[in-house]
There are 2 protein chains.
Amino acid sequence: MSIKNIPGPGRPRDESIRTKILKTAIMILKRRGYKQATMSEIALVAQVGKQTLYRWWKNRAELLMEALLYNAEENVDARIAGDGSTALKDFIMRIFESVNKDAGVILKSLVAEGIADKKFSRIFFTTFIAKRQQTLSMMIRAHASLPEKESETVCALVDVIFGAMWYRIIFEHRPLDGKLAAFLSDLVKRVH
Amino acid sequence: MSIKNIPGPGRPRDESIRTKILKTAIMILKRRGYKQATMSEIALVAQVGKQTLYRWWKNRAELLMEALLYNAEENVDARIAGDGSTALKDFIMRIFESVNKDAGVILKSLVAEGIADKKFSRIFFTTFIAKRQQTLSMMIRAHASLPEKESETVCALVDVIFGAMWYRIIFEHRPLDGKLAAFLSDLVKRVH
DNA sequence: ACAATACAAGACCAGGAGTCTCGTAATGTC
DNA sequence: GACATTACGAGACTCCTGGTCTTGTATTGT
């Protein structure tokens, strides 16, 4: 994502500056929202030259994307092991918690960038969303009562689950809580 | 939405200019996308002074919102009458068609505005989304096999259906087609 | 010492939202 | 018809943001 740090002559890149910028960006996003998290503001708060931002990332969208990945280091990976009957619900719940904590604002910001820039929308989808979809569809297959589930149905279920999540992330009309997680994992069991 | 036209002294407002602006905005949104649909561009193409835009609407978000409502005059209302077994699927399908035709770009634009401006997000939700949710929950209640469905479940189902729709509107990874509509209406029947 | 790069600070440019001004057109009132 | 009042098209203007460029200094390998 960020521009590579190939060793050569001259002063070396300072990795700690890169993470300082990412942390600052996340903090501003959380505290002041998407619109206030301007490049100048991030540079100012991080006490960093604007050029340094553009040395590490080629534009705002790339920086925000990496902020998301950096933030998601507490990674929500598929732990298919464990009690099979609640594995799916637990998985969904873990994602919800991450969204409720920090990721929500960042995810929304990236959607906004994607709406303004179709090319970025594709990048965002392939480098982040698609991977989550893969994981979820594995979980669904494992969780489903009927084994030979055609992929069409699994795809629809993935869109249903993440769709409901995104819908509540974007409009914030209802919380992402255990009730929804239970309802969604229940839904999967009902499909044959 | 648009600023009222109270009669009084002076030259009267020209309603045809208002609709000309809305049509131009929709056209630019469809043909060039959200980012290109700037206020200056709309004014230029519509052959209208920028001040006229701001006389009718107080900002870009308001204009886009009214463009959406104007575009949605081919209104997707609940026609609960008709074959009860396909009424829900038909309803969903009609919304999908409207989105696929014009509304999709406008809806996405309004989401982007909402992400940048929380206050507008609320306005968008209450004046547009909430009404669609009302209609859909009526349809669900009518469609459901079990009559006494607690409102909690209906709300979740609404979020599931519109969630899946929005998810595909935003990322465009899969089409909004009859298959999804059938799957979703089927899902409702399976919930008890 | 020297070349090369990174860094902070900040000037600079392009473009968009929103405001303001100007000259003109359309209305009601006298 | 004269007048006050408002709408209109055109476009200049301010302010802000994304992104670039410059300058002076710091840090590396040779």
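Scroll up to find the structure.
Cut-offs used in this document
Residues numbered from 1 in each chain as written. Chains lettered and ligands numbered in written order. Predicted model: local features only at pLDDT ≥ 70, side-chain atom pairs only at ≥ 80, totals over all residues. Heavy atoms only, no water. Near = heavy atom within 4 Å. Polar contact = N/O pair within 3.5 Å; in protein donor to acceptor, adjacent residues only side chain to side chain. Helix = DSSP H or I, 4+ residues; strand = E, 2+ residues; numbered from the N terminus. Salt bridge = Lys/Arg side-chain N within 4 Å of Asp/Glu carboxyl O. Buried < 20%, exposed > 50% of the residue type's maximum accessible area, 1.4 Å probe, protein only. Nonpolar A, V, L, I, M, F, W, Y, C, P; charged D, E, K, R; others polar. Least-squares fit on C-alpha atoms with pLDDT ≥ 70 in both. Contact = heavy atoms within 4.5 Å. Core = buried A, V, L, I, M, F, W, Y, C linked by side-chain atoms within 4.5 Å. Phe/Tyr/Trp six-rings, centres within 6.5 Å; stacked < 30°, edge-to-face > 60°. Buried area = accessible area lost by both parts, 1.4 Å probe.

Q: I'm lost on the protein's contact with DNA strand C in this one. Help?
A: If you check the shell around DNA strand C, you find 24 residues, and the closest are Arg 11, Arg 13 and Asp 14 of chain A together with Lys 50 and Gln 51 of chain B. Sugar plus phosphate, as a fraction of atoms of DNA strand C within 4 Å of the protein: 67%. Residue Arg 11 of chain B places a side-chain N or O atom 3.3 Å away from a base nitrogen belonging to DNA strand C. For the surface near DNA strand C, the secondary structure elements donating two or more residues are helix H3 (50-56) of chain A together with helix H2 (39-46) and helix H3 (50-56) of chain B.

Q: Teacher, can you tell me more about the pattern of salt bridges here?
A: Charged atoms that come close allow side chains of opposite charge to pair. By the definition in use, this model includes 24 salt bridges over all chains. With a closest N to O distance of 2.8 Å, Lys 108 of chain A and Glu 172 of chain A form a salt bridge. Of the two residues, Lys 108 of chain A sits in helix H5 (residues 87-116) while Glu 172 of chain A sits in the loop between helix H7 (151-171) and helix H8 (178-190), which places them 64 residues apart along the sequence. Taking the relative accessible area as the measure of exposure, Glu 172 of chain A reaches 40% and is therefore partly exposed. Ionic pairing is found between Lys 58 of chain B and Glu 62 of chain B, a salt bridge with its closest N-O pair at 3.2 Å.

Q: Looking at this structure, how should I read unusual backbone geometry?
A: Glycine aside, residues mostly have negative phi angles, and peptide bonds mostly take the trans form. The phi angle at Glu 172 of chain A is positive, at roughly 55 degrees, despite the residue not being glycine. The phi dihedral of Gln 47 of chain B is positive, around 55 degrees, even though this residue is not glycine. In this structure Gln 47 of chain B comes out as exposed when scored by relative accessible area, which is 71%.

Q: What is the right way to read the protein's contact with DNA strand D from this model?
A: Neighbouring DNA strand D are 23 residues; Lys 50 and Gln 51 of chain A together with Gly 10, Arg 11 and Arg 13 of chain B lie closest to it. At a separation of 3.3 Å, a phosphate oxygen of DNA strand D approaches a polar side-chain atom of Tyr 54 of chain A. Take Arg 13 of chain B: an N or O atom from its side chain is 2.9 Å from a phosphate oxygen of DNA strand D. Breaking the surface near DNA strand D down by element, the ones donating at least two residues are H3 of chain A together with H3 of chain B. Its residues placed into classes, the surface near DNA strand D shows eight nonpolar, eight polar and seven charged.

Q: Teacher, can you tell me more about the relation of the copies chain A and chain B here?
A: Think of it as a corkscrew move, a rotation about one axis and a shift along it, taking one chain copy to the other. The two copies are related by a screw operation: chain A maps onto chain B through 180 degrees of rotation and 0.0 Å of translation along the axis, at an RMSD of 0.1 Å. Read as a symmetry element, the transformation amounts to a two-fold axis. Distance from the rotation axis, computed per C-alpha, reaches its smallest value in chain A at Gly 163 of chain A: 2.0 Å. Taken as a fraction of all interface residues of chain A, those also at the interface in chain B reach 100%, which identifies the copy contact as same-surface.

Q: For this particular structure, what's the right way to read the environment of Thr 86 of chain B?
A: All names here are of chain B. Relative to the assigned elements, Thr 86 resides in the loop between helix H4 (60-71) and helix H5 (87-116). Note on Thr 86: relative accessible area 32%, which makes it partly exposed. Separated by 57 residues in the primary sequence, Thr 86 and His 143 place their C-alpha atoms 8.6 Å from one another.

Q: Would you take a moment to explain the nonpolar core for this structure?
A: In summary, soluble globular proteins display a tendency toward joint burial of nonpolar side chains. Counting 134 residues, the largest nonpolar core has Phe 124 and Trp 166 of chain A together with Phe 124 and Trp 166 of chain B as the members making the most contacts within it. Residue contacts for Phe 124 of chain B: discarding those within four places in its chain leaves Phe 171 of chain A together with Met 65, Leu 68, Leu 107, Leu 110, Val 111, Ile 129 and Trp 166 of chain B.

Q: Would you mind showing me how to read the packing of aromatic side chains here?
A: The geometry of two aromatic rings is summed up by the distance between their centres and the angle between their planes. Under the criterion given, the structure shown has 15 aromatic pairs over all chains. Taking 5.8 Å as the distance between ring centres and 45 degrees as the angle between the ring planes, the aromatic pair formed by Phe 171 of chain A and Phe 125 of chain B counts as tilted. Taken as a pair, Phe 171 of chain A in helix H7 and Phe 125 of chain B in helix H6 (residues 118-143) lie in two separate chains rather than in one. Here the two residues Phe 171 of chain A and Phe 125 of chain B agree in accessibility, since each one is buried.

Q: I would appreciate a short explanation of the interface of chain A and chain B in the present structure.
A: Interface size is often expressed as the accessible area that is lost when the parts come together. Contacts between chain A and chain B engage 40 residues on the former and 40 residues on the latter. Between chain A and chain B, the buried area comes to about 3700 Å², and carbon and sulfur atoms account for 68% of it. For chain A, the biggest contributors to the area lost against chain B are Ile 115, Tyr 167 and Phe 171 of chain A; these three give 20% of the whole. The interface formed by chain A and chain B contains six salt bridges. A salt bridge links Glu 152 of chain B to Lys 179 of chain A, with the nearest nitrogen and oxygen atoms 4.0 Å apart. Applying the counting criterion to the chain A and chain B interface returns eleven residue pairs in polar contact (both at pLDDT 80 or more). Sorting the residues of the side of chain A that touches chain B by element identifies H5, helix H6 (118-143), H7 and H8 of chain A as the ones contributing at least two each. No other element matches the 15 residues that H7 of chain A contributes to the side of chain A that touches chain B. Taken together, the residues of the side of chain A that touches chain B sort by class into 22 nonpolar, seven polar and eleven charged.

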